[in-house]
Amino acid sequence: MPNLKNPMVPQELLVVGAALKTGIFDVLREKPHHLEGLAGALSLDQRALWVVLEALLSQGYLAKEGDQYRLTKEAQEILFDETSEQFIGYSLIHTFNVIKSWSQIPQVLKTGAPAERERDEQDIKGFMAAMKKNARQIADQLTAICLKDLPREPRVLDLGGGPLNYARPFAKNGAHVTVQDMPEVCKVMEPTLEPGENIKFVPGDFTESIAEGPFDLAFLGNICHIYGQEENTLLFTRVHKVLVSGGRIAIMDFVRGISPRAELFGVNMLVNTKTGGTWTLQQYTQWLNQAYFGQVQVHTMGDRQVITAQRE
């Protein structure tokens, strides 16, 4: 029986993640395939594919009709049915990539440099799926914290918000939302906007410049752990300049010393970034004060925190 929630079966997770990343499940979702046809469709080695398919068969992800492989009902629920309680979907690719990066910790300990990695379309899809899954659990609470006491139709800047996981809840609560993200992300996501959604995209690297304001709120969700002190202080200073007087900055992350996940998540930043990590409330307060923000407050949502501060 498929079971990715059991921490004792990393081999199963890696095999399923590899099958999802290489497109095996996507092709079998459309229709059953023979080994030869599946190998040809995905340009995979036939011997290697057979070994993986048989492993997936033994774990309950695939079944056989004659000599054709097909997805089982359980696999459909786990990988493609968003209404199912068992649904994990493409976020599994992100987990697969995290494990791959973490396997290089011994080398990172010697060099201090992040692990080498290349991102393809499946990796981007997996990352966005993981972020979407996490966002569902906290979107309402987050929106209430960020928009509290702001004008009725606040102007919101969502930095790095291309997946729209928080931009959409902000917009549904009356905000005019500007999303700034990398051009390739904006190109993919802008066509997904529905008619009447009060969201616009501004392509651009926010580590170089920020969209012109003024804004009542700047939301930085899952950004600050990518960078260190210098980059974050500079980013907060740029945000300060595009906010109205008394405007708010809201930072969502795992705060070290408060979140039970912060220390382990710091390892993820070690193996994936040059200067990133998880930071204490004292560090955030210092950086915000240096960027002329005051009234720093912290709000906890499950294992995450939202730090808010006001532009002085």
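What you are looking at is a predicted structure, and each value in this text was computed from that prediction instead of being measured.

1. A short note on the overall build of the protein chain
Here is step 1: What the protein chain contains, in helices and strands, is 13 helices and 10 strands.
Here is step 2: Out of the 312 residues belonging to the protein chain, those deemed buried represent 47%.
Here is step 3: Summarising the internal contacts of the protein chain: among those between residues at least 6 apart in sequence, 63% fall at separations of at least 24.
Here is step 4: In the form shown here, the protein chain has an accessible surface area of approximately 16100 Å², with 52% of it arising from carbon and sulfur atoms.
Here is step 5: Where the 31 positive side-chain charges of the protein chain centre and where its 37 negative ones centre are 2 Å apart.

2. What about the packing of aromatic side chains?
Here is step 1: Here the structure, examined in full by the defined rule, presents 6 aromatic pairs.
Here is step 2: Taken together, a centroid distance of 5.6 Å and an interplanar angle of 70° make the contact between Trp279 and Trp287 edge-to-face. Of the two residues, Trp279 and Trp287, both sit in the buried class.
Here is step 3: What links up through ring pairs into an aromatic cluster is the set Tyr166, Phe170 and Phe219.

3. Some points on the sheet that holds strand β2 (residues 62-65)
Here is step 1: Pairing is antiparallel in the open sheet, where 3 strands are placed in the order β1-β3-β2. Single-partner strands in this sheet number two, and they are β1 (33-34) and β2.
Here is step 2: As judged from the 4 bridges shared by β2 and strand β3 (residues 68-71), these two strands associate in the antiparallel manner. The residue of β3 that forms the bridge with Leu62 is Leu71.

4. Concerning the side chain of Arg304
Here is step 1: Looking at the secondary structure, you find Arg304 in strand β10 (residues 304-311).
Here is step 2: Among the polar contacts made by the side chain of Arg304, one reaches the side chain of Asp303 at a distance of 3.4 Å.

5. Quick look at helix α13 (residues 281-290)
Here is step 1: Inspection of α13 places Tyr284, Trp287 and Leu288 among the buried residues, and these make up the whole buried set. Buried residues along α13 cover an arc of 100° about the axis, so they all sit on one side.
Here is step 2: Looking at the buried side of α13, the elements it contacts are α11 (229-242), β8 (243-253), β9 (293-301) and β10.
Here is step 3: The positive-phi residue at the C-terminal boundary of α13 is Tyr292, with phi of around 70°.

6. Description of the state of the cysteines
Here is step 1: By the definition in use, this model includes 0 disulfides.
Here is step 2: With no disulfide of its own, Cys224 has Cys146 as its nearest cysteine by sulfur position, at a separation of 13 Å.

7. Looking at the sheet that holds strand β6 (residues 199-203)
Here is step 1: Spatially, the 7 strands line up as an open sheet ordered β6-β5-β4-β7-β8-β10-β9, and their pairing is mixed. The open sheet has two free edges, formed respectively by β6 and β9, since each of these has just one partner strand. Direction aside, the axes of adjacent strands within the sheet are offset by 20° on average.
Here is step 2: In this structure, β8 lies alongside β10, joined through 6 bridges in antiparallel fashion.

8. Concerning the environment of Trp287
Here is step 1: By secondary structure assignment, the location of Trp287 is in helix α13.
Here is step 2: The exposure class assigned to Trp287 is buried, which follows from its relative accessible area of 2%.
Here is step 3: Considered as a pair, Trp287 and Arg136 are 151 residues apart in the sequence and their alpha carbons are 29 Å apart.
Here is step 4: Setting aside its immediate chain neighbours within four residues, Trp287 contacts Gln229, Asn232, Thr233, Phe236 and Trp279.

9. A word on the pairing of strand β4 (residues 155-159)
Here is step 1: Buried residues dominate β4, accounting for 4 of its 5 residues.
Here is step 2: In the classification by handedness, the crossover that spans β4, the intervening helix α9 (residues 167-172) and the parallel strand β5 (residues 176-181) is right-handed.
Here is step 3: Where β4 and strand β7 (residues 215-221) come together, 4 bridges link them in parallel fashion. Its bridge partner being in β7, Val156 is matched across the sheet by Leu217.

10. Details of the confidence of the model for the protein chain
Here is step 1: Summarising the model, the protein chain shows a mean pLDDT of 89, and 91% of its residues fall at 70 or more.
Here is step 2: Put simply, helix α8 (residues 121-147) is where the protein chain has its lowest mean pLDDT, 75, and α13 is where it has its highest, 98.

11. Overview of unusual backbone geometry
Both trends apply: most residues other than glycine have a negative phi, and most peptide bonds are in trans.
Here is step 1: Cis geometry is found at the peptide bond from Gly213 to Pro214, where omega equals 5°.
Here is step 2: Among the secondary structure elements, Pro214 is positioned in the loop between β6 and β7.
Here is step 3: In the Ramachandran plot, Ser43 falls in the positive-phi region, its phi being about 55° despite a non-glycine side chain.
Here is step 4: Turning to its location among the elements, Ser43 is positioned in the loop between α3 (35-42) and α4 (46-58).
Here is step 5: You will see that Asp149, though not glycine, has its phi angle at about 70°, which is positive.
Here is step 6: One can find Asp149 in the loop between α8 and β4.

Analysis parameters
- Residues numbered from 1 in each chain as written.
- Predicted model: local features only at pLDDT ≥ 70, side-chain atom pairs only at ≥ 80, totals over all residues.
- Heavy atoms only, no water.
- Helix = DSSP H or I, 4+ residues; strand = E, 2+ residues; numbered from the N terminus.
- Buried < 20%, exposed > 50% of the residue type's maximum accessible area, 1.4 Å probe, protein only.
- Contact = heavy atoms within 4.5 Å.
- Areas by Shrake-Rupley, 256 points an atom, 1.4 Å probe, with all protein chains shown as cover.
- Lys, Arg positive; Asp, Glu negative; His and termini not counted.
- Charge placed at Lys NZ, Arg CZ, Asp CG, Glu CD.
- Phe/Tyr/Trp six-rings, centres within 6.5 Å; stacked < 30°, edge-to-face > 60°.
- Pairing = 2+ DSSP bridges.
- Polar contact = N/O pair within 3.5 Å; in protein donor to acceptor, adjacent residues only side chain to side chain.
- Arc of directions from axis to C-beta.
- Disulfide = S-S within 2.5 Å.
- Axes fitted to C-alpha atoms, helices over the stretch in contact; angles between N-to-C directions.
- Right-handed = clockwise from strand over helix to strand, strands pointing away.
- pLDDT = per-residue confidence, 0-100.

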